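# Report on the structure
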Amino acid sequence: MSPTFDELHRRSLDDPEGFWGEAAARLEWSRPWTTVLERGGSPAGARWFAGGRLNTCHNALDVHVARGRGDQAALIYDSPVTGTIETFTFRELRDAVARFAGALAARGIGRGDRVVVYMPMVPEAAIAMLACARLGAVHSVVFGGFAPAELAVRIDDARPKAIVSASCGIEGRKVIPYKPLLDEALERARHEPDCCIILQREAVAASLVAGRDLDWREVAAAAAPHDCVEVEATDPLYILYTSGTTGQPKGVVRDHGGHAVALAWTMRNIYGVEPGDVYWAASDVGWVVGHSYIVYGPLLNGNTTILYEGKPVGTPDAGAFWRVIEQHGVKVMFTAPTALRAIKREDPDGALLAPYDLSRFATLFLAGERCDTDTLDWAGQRLGVPVIDHWWQTETGWAICANCLGIERLPVKPGSAGPAAPGWDVRAVDAANREVARGETGALVARLPLPPGAFTTLWGAEERFVDTYLREFPGYYKTADAGHVDEDGYVFIMARTDDIINVAAHRLSTGEMEEVLATHPDVAECAVLGVRDELKGQVPIGLVVLKSGVERDEGEIVSEVIARVREQIGPIACFRAAAVVDRLPKTRSGKILRGTIQRIADGEKVAVPATIDDPAILDEMAVALGVIGYPRPL
Ligand code: COA
Ligand code: AMP
């Protein structure tokens, strides 16, 4: 009889060596590990599979060709915005990756060198990532919606030898030239890469800088295929930057061995897919979901993955997801609740579902933000399949909590992301690191060591890694989410404990936006907060206090601060509303009461905080927020 979920979870914590050692045996290693788990081998309390050697790209592609899956579809590129559907078999994808790896190697890129990938959702993005993995080079993918200033910060931090980009991205009906953004980023950055390799797309031809920029197709055509390079299991595979509480993003680092083992394991055990099944994560390669579940997880497990260059609505309509599921025989899909809300808003009755045969579709997984029960129920009723919320973070690389369908299907509790997944020991604790009673809200922490696949450090910032994640709750990883664990062990994620907000399931820092606002010459003080939004979950709004003596038109200043956030962080910040106020509510010790402003904007009843220095200011806030449309009717 198969073990129950509880038995497996228990074993993963009591005997992590046995548990993950068995999972690792499914991969091909060029040298076996000496220890599955080297405790205390790093500040995070673990080094997984130390002494072992393998190559992630070999396990994602070559292994499947060798084992007879060469003709199976590995990646289907479905792009309604260009009218393209292109299938790469495992053999074709391996050959394309080997060739591009050869092109990178010909430019001197090898083990440990960094390559920044700034690409739209085209197969070449995945090919570039896998080519880096093939060489043991470290990729750092930067999401296309970030502005040049953000790209520049990442270039300076990762110091890449090469940057791989494209002439443009296509966002719904908009064509966004990427190359000018890259050129501007390189002007701003202190670090200079040796070369930039640019994919010319039909919609826009980018001008190339002689001596620095190369044409993707030319270099790939001239390259000799490169074989996989053996690396240490503990070598870095990639850096992925995520929002921190300052303008300096955090470079989450993931290793080769633990990552490959964990992701391959999750495909069968969390998502319940077998090699050969079609799996679709409707995300972007620039986010962690794209790394784990568009590229690495499905390929490591021999699944067909879908790379979708389109939106849930408008490309061409709110039936787009259902068309993709039917056309490619998707068994399991992963998306964010915001995408379902967008569909629900345009097609509340699910009329656009009717023409499609979804008989092969088994499960919908959701993550990225808290899922409201309305959306969960709507999807469940319309689709007639289990809709499973699961909780994870860029740092963790895979789900911390999930209803693991491949192990045992547990009941769904609306509002909960499920119980802690195997490998994760999650607790809600108080400020003194004591576990709170079941059902009581606390800071959510995970006991060290973190399982394989979780981040191992922050790139070039070990101290920041320890300070941010490990110092406050000794022996535990601080998730910076708050919530509670119920009597059955189900975890309910309620809110972030820092300044991170989730805008359309994109992670952003209000602190970083405040830093941008504060650079405006007329702004003396400001606050940015995430307020409730029917579609995007949350959106940022800003309040600014002007320097004394500033007599300029307030509307103009507001437009300027909005433009600054777009220029410096990017359109993805969705920072579209701000107001000028005379003062901000503060405690007597001078701390801005951001939570109070947010509750007023959300239309909640606000008790006057005991520490406020002047209660009358709350009425002023309500008036200012009313001017910019808050609270919004939901
Ligand atoms: N490159 C350049 N610009 C981008 C971009 C990219 N890759 N992605 C988004 N943008 C731009 C958009 O064009 C938009 O610009 P605008 O202000 O000029 O209109 C802005 O960033 C905001 O984009 P977005 O938040 O995506 O809003 P939207 O209204 O275009 O779409 C949704 C709303 C809900 C349909 C969309 O956000 C969505 O599909 N979200 C799901 C996210 C997801 O899957 N996340 C992964 C976690 S699982
Ligand atoms: P990211 O690093 O972009 O994946 O964002 C991680 C954050 O998104 C988490 O810390 C949570 O705040 C939020 N999040 C992700 N998944 C969920 C979920 N299923 N329920 C509630 N919040 C979630």
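Let us look at the pairing of strand S6 (residues 114-118). Within S6, five of the five residues are buried, which leaves the element mostly enclosed by the surrounding structure. Here S6 shows no split at all, with Arg-114, Val-116 and Tyr-118 on one side and Val-115 and Val-117 on the other all buried. Pairing analysis gives four bridges linking S6 to strand S7 (residues 138-141), with the strands arranged parallel. Following the sheet pairing, Val-115 is matched in S7 by His-139. Once you follow S6 into helix H5 (residues 123-135) and on to S7, the crossover reads as right-handed. Inspection of the sheet shows S6 paired to strand S8 (residues 162-166) by four bridges, in the parallel sense. When the sheet's bridge partners are listed, Tyr-118 is paired in S8 with Ser-165.

Angle between the axes and distance between the axes are the two parameters that describe a pair of packed helices. Two elements in contact, helix H4 (residues 90-106) and H5, have axes whose closest approach is 8 Å; the angle formed by their N-to-C orientations is 65°. Relative to H5, the element H4 lies roughly perpendicular. The two elements H4 and H5 meet at a crossing, and its hand is right-handed. Contacts between H4 and H5 involve Leu-93, Arg-94, Ala-96, Val-97, Ala-98, Phe-100, Ala-101, Leu-104 and Ala-105 from the former and Ile-127, Ala-128, Leu-130, Ala-131, Cys-132, Arg-134 and Leu-135 from the latter. When the residues that make up the contact of H4 with H5 are grouped by side-chain class, the tally is 14 nonpolar, no polar and two charged.

Turning our eyes to something else, we now look at the site of ligand 2. Taken together, 14 residues lie near ligand 2, and His-390, Thr-394, Asp-481, Arg-496 and Arg-507 sit nearest. Within the backbone of His-390, a nitrogen or oxygen atom sits 2.7 Å from a nitrogen atom of ligand 2. Asn-502 places a side-chain nitrogen or oxygen 3.2 Å from an oxygen atom of ligand 2. Relative to its unbound accessible surface of 490 Å², ligand 2 loses 93% to contact with the protein.

Rules of the game
Residues numbered from 1 in each chain as written. Chains lettered and ligands numbered in written order. Predicted model: local features only at pLDDT ≥ 70, side-chain atom pairs only at ≥ 80, totals over all residues. Heavy atoms only, no water. Buried < 20%, exposed > 50% of the residue type's maximum accessible area, 1.4 Å probe, protein only. Helix = DSSP H or I, 4+ residues; strand = E, 2+ residues; numbered from the N terminus. Pairing = 2+ DSSP bridges. Right-handed = clockwise from strand over helix to strand, strands pointing away. Axes fitted to C-alpha atoms, helices over the stretch in contact; angles between N-to-C directions. Parallel < 35°, antiparallel > 145°, perpendicular 65-115°, else oblique. Left-handed = near helix turned anticlockwise from the far one by under 90°. Contact = heavy atoms within 4.5 Å. Nonpolar A, V, L, I, M, F, W, Y, C, P; charged D, E, K, R; others polar. Near = heavy atom within 4 Å. Polar contact = N/O pair within 3.5 Å; in protein donor to acceptor, adjacent residues only side chain to side chain. Areas by Shrake-Rupley, 256 points an atom, 1.4 Å probe, with all protein chains shown as cover.

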